[in-house]
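Analysis of the macromolecular model
Here is how the chains run, residue by residue.
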Amino acid sequence: MPVIIIRDDITRVQADAIVNAANSSLLGGGGVDGAIHRAAGPQLLAECRTLGGCPTGEARITKGYRLPAKFVIHTVGPVWHGGNQGEPEQLASCYRRSLELAQMHCCGTVAFPLISAGVYGYPKDQALRVAMDTIRECAPEDMTVYMVIFDHDAALLSRALYEDITEYIDDRYARRHEKMFARRKEANLGQIFAAPMFKADHSAPEAFPMSEACMDCEDTVCGGAFGADTDLDTLLSNLDEGFSVTLLQLIDRRGMSDAQCYKRANIDRKLFSKIRSDAHYRPSKPTALAFAIALELDLEQTADLLRRAGYALSPSSKFDVIVEYFIRRGEYDIMRINEALFAFDQPLLAG
Ligand code: APR
């Protein structure tokens, strides 16, 4: 049941069902309710009139009419009164009941807005947390769920977390540039050269500029450059096990089942089967990192797994630095990491 956060207008999403943040009358309103009714056309309201309303925390289903989605699931979220009047439980119930209805109608894909996080005043970061936790807990394995965020509101993260990550990014980025200039000054070459990699036609070895990531390799663990006398034959004969074989070894070593691992990585079963069956499979970097998170690898182990897929962590990539932030803190909840990546407009893990 991968959960994917996207930025879009939910009325455009091509899911089997989209969820409407309605009010108990089910007779339309503003916000996403208004948008869905406008896009679906008057027949939606006509069908809603036959439903006789909906209590808070419950859900009702109608057709989608002019919408791309086959169904609209109308649910009524709680109005925020400070969080001590059962709001989290009622909000979780909205997601749970909507998922139940979606499953009863054989929906393979469902798209949610951030229920109650608009007019009803639920703080966005808390609304997102309830949403992601409930979806992860209740969504059927063969369902893909989209969390559709409409606006660029950075309040998706708590202020403290947002500021802590921002500070970490600035620090890493600044440190990298300081090192880079310090080395340039020291080497006085204007360019940084790694140890020669191949002896080019027995003349003076051909050097090659190190990738920026390697310049911080004592900080940012990376694949590093090869030794001074590595020639191509030695290099190729030292190739380690590929990504897939290493991943399966790590899953066994962690005592996890395949399903436990790919669910924690927010990866669907089909993709995992592809990786498992192809020893030379080359995953995307977000997918490789998602497995590192699922296996709770430290930075060194993560760099090794990435290297086997042909990647390295780099301080010049905000995506890498945010993932590194969570690994350094031993925080391996992929939903939390994806919420942070989304808030910083970065690709998602396994996305
Ligand atoms: N697509 C996706 N998300 C949207 C869209 C859209 N087209 N329009 C708004 N949103 C987002 C808002 O940014 C907010 O984060 O949906 C979230 C929920 O906001 P509301 O629509 O205001 O819903 P809610 O807070 O649950 O309040 C429900 O508002 O519209 C009335 O009739 C509705 O009385 C009910 C109340």
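None of the values given here were measured: they were computed from a predicted structure.

1. Quick look at the layout of surface pockets
The calculated volume of the largest pocket comes to roughly 600 Å³. Along its surface, the largest pocket is lined by 27 residues, and Ala21, Gly31, Val32, Leu114 and Gly118 are the ones closest to its centre. Elements represented by at least two residues in the lining of the largest pocket include exactly β2 (17-22), α1 (31-40) and β6 (144-149). Residue contributions to the lining of the largest pocket peak at 4 residues, all from α1. Among the residues forming the lining of the largest pocket, the class breakdown is 15 nonpolar, 7 polar and 5 charged.

2. Observations regarding the sheet that holds β6
Taking strand neighbours across the sheet as the criterion, the 6 strands line up as β1-β6-β5-β2-β4-β3 in an open arrangement whose pairing is mixed. Of all strands in the sheet, those bounded by a partner on one side alone are β1 (3-7) and β3 (59-63). When the angles between neighbouring strand axes are averaged without regard to direction, this sheet yields 25 degrees. Across 5 bridges, the pairing between β3 and strand β4 (residues 71-76) is antiparallel. Its bridge partner being in β4, Ala59 is matched across the sheet by Thr75.

Reading guide: rules and limits
- Residues numbered from 1 in each chain as written.
- Predicted model: local features only at pLDDT ≥ 70, side-chain atom pairs only at ≥ 80, totals over all residues.
- Heavy atoms only, no water.
- 1 Å grid on protein atoms, 1.4 Å probe; cavity = no way out; pocket = protein on both sides within 12 Å on 5 of 7 lines; lining within 4 Å.
- Points joined across faces, edges and corners; volume = space filled by probe spheres on them.
- Helix = DSSP H or I, 4+ residues; strand = E, 2+ residues; numbered from the N terminus.
- Nonpolar A, V, L, I, M, F, W, Y, C, P; charged D, E, K, R; others polar.
- Pairing = 2+ DSSP bridges.
- Axes fitted to C-alpha atoms, helices over the stretch in contact; angles between N-to-C directions.

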